[in-house]
Amino acid sequence: MYEVTSDNRLKSLIVVGDRVLIRPKSPNDRTNSGLFLPPTVTEREQVQSGYVIKVGPGYPIPVAAEDEPWKETEEKVKYMPLQSKEGDVAIYLQRNAIDLEYDGQKYVIVPQSSILMLERSEDLFD
């Protein structure tokens, strides 16, 4: 029997289609002069950044029809993979993001088309 623990909870999540699960970076709550900004100001910024946690399978590709349409075949869905990978830092448009909270942590789900730029580093979490 498979047991869900706090260590493997995110492993049981499946992101669908061309969506990406991102954990937002903590926003800068001060201006350059040192004034504190309320959370409503920092959340309304159009461009945000965060860590890519999970990635969907990608864009579905239609399967070519066979020459014999009377033949019963099992349809296999093929996907064109996304550019983003787990562990990347993504800069994305906030207006297309869907905010959610899972297991006490704040996440956003963003379509691949809303990601403007990715930063990929091998030693990002080391």
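Anyway, here's the lowdown on the structure attached to this text. (Residues numbered from 1 in each chain as written. Predicted model: local features only at pLDDT ≥ 70, side-chain atom pairs only at ≥ 80, totals over all residues. Heavy atoms only, no water.)

### Some thoughts on the overall build of the protein chain
At step 1: A tally of regular secondary structure across the protein chain gives one helix and eight strands.
At step 2: Ordered by position in the sequence, the α and β elements of the protein chain form the string β-α-β-β-β-β-β-β-β.
At step 3: Here the protein chain, with 126 residues, has 25% of them falling under the buried criterion.
At step 4: Partitioning the intrachain contacts of the protein chain with sequence separation of at least 6 by distance along the chain shows that 73% fall at a separation of at least 24.
At step 5: Looking at the protein chain as shown, the accessible area adds up to about 9800 Å², and 51% of this sits on carbon and sulfur atoms. (Helix = DSSP H or I, 4+ residues; strand = E, 2+ residues; numbered from the N terminus. Buried < 20%, exposed > 50% of the residue type's maximum accessible area, 1.4 Å probe, protein only. Contact = heavy atoms within 4.5 Å. Areas by Shrake-Rupley, 256 points an atom, 1.4 Å probe, with all protein chains shown as cover.)

### Focus: the nonpolar core
At step 1: Val 20, Ile 22, Val 52, Leu 82, Ala 90, Tyr 92, Ala 97, Val 108, Val 110 and Ile 115 together form the largest nonpolar core, which totals 10 residues.
At step 2: Those elements that provide at least two residues to this core are strand E1 (19-24), strand E5 (89-93) and strand E7 (105-111).
At step 3: If we skip the residues at most four places from it in the chain, Val 52 touches Val 20, Leu 21, Ile 22, Lys 85, Glu 86, Gly 87, Asp 88 and Ala 90. (Core = buried A, V, L, I, M, F, W, Y, C linked by side-chain atoms within 4.5 Å.)

### A look at unusual backbone geometry
At step 1: For Asp 103, which is not glycine, the phi dihedral falls at a positive 60°.
At step 2: Within the secondary structure, Asp 103 is located in the loop between strand E6 (98-102) and E7.

### Topic: the sheet that holds strand E2 (residues 47-55)
At step 1: The strand order across the open sheet built from six strands is E6-E7-E1-E2-E5-E8, with neighbouring strands paired in antiparallel fashion. At either margin of the open sheet sits one strand with a lone partner, and together these are E6 and strand E8 (115-119). Across the sheet, the mean angle separating the axes of adjacent strands is 40° when strand polarity is ignored.
At step 2: Here E1 runs beside E7; their pairing, made up of four bridges, is antiparallel. (Pairing = 2+ DSSP bridges. Axes fitted to C-alpha atoms, helices over the stretch in contact; angles between N-to-C directions.)

### Things to note about a nonpolar patch on the surface
At step 1: Nonpolar side chains collect at one region of the surface, where Val 47, Leu 116 and Met 117 lie side by side and expose about 280 Å² of accessible area between them.
At step 2: For Met 117, the position within the fold is in strand E8.
At step 3: Using a relative accessible area of 48% as the deciding quantity, one classes Met 117 as partly exposed. (Patch = residues over 30% accessible without salt bridge, like charges linked within 9 Å, V, L, I, M, F, W, Y side chains within 5 Å. Salt bridge = Lys/Arg side-chain N within 4 Å of Asp/Glu carboxyl O.)

### A closer look at the environment of Val 77
At step 1: Structurally, the position occupied by Val 77 is in the loop between strand E3 (59-61) and strand E4 (78-80).
At step 2: Sequence separation between Val 77 and Pro 62 is 15 residues; the distance between their C-alpha atoms is 7.4 Å.

### A closer look at the pairing of E5
At step 1: With four of five residues buried, E5 is to be regarded as a mostly interior element.
At step 2: Judged from the five bridges that link them, E2 and E5 form a sheet pairing that is antiparallel. Within E5, the position partnered with Gly 50 by the bridge is Ala 90.
At step 3: Relative to E8, E5 is paired through four bridges, and the arrangement is antiparallel. Along E8, the bridge assignment pairs Tyr 92 with Ile 115.

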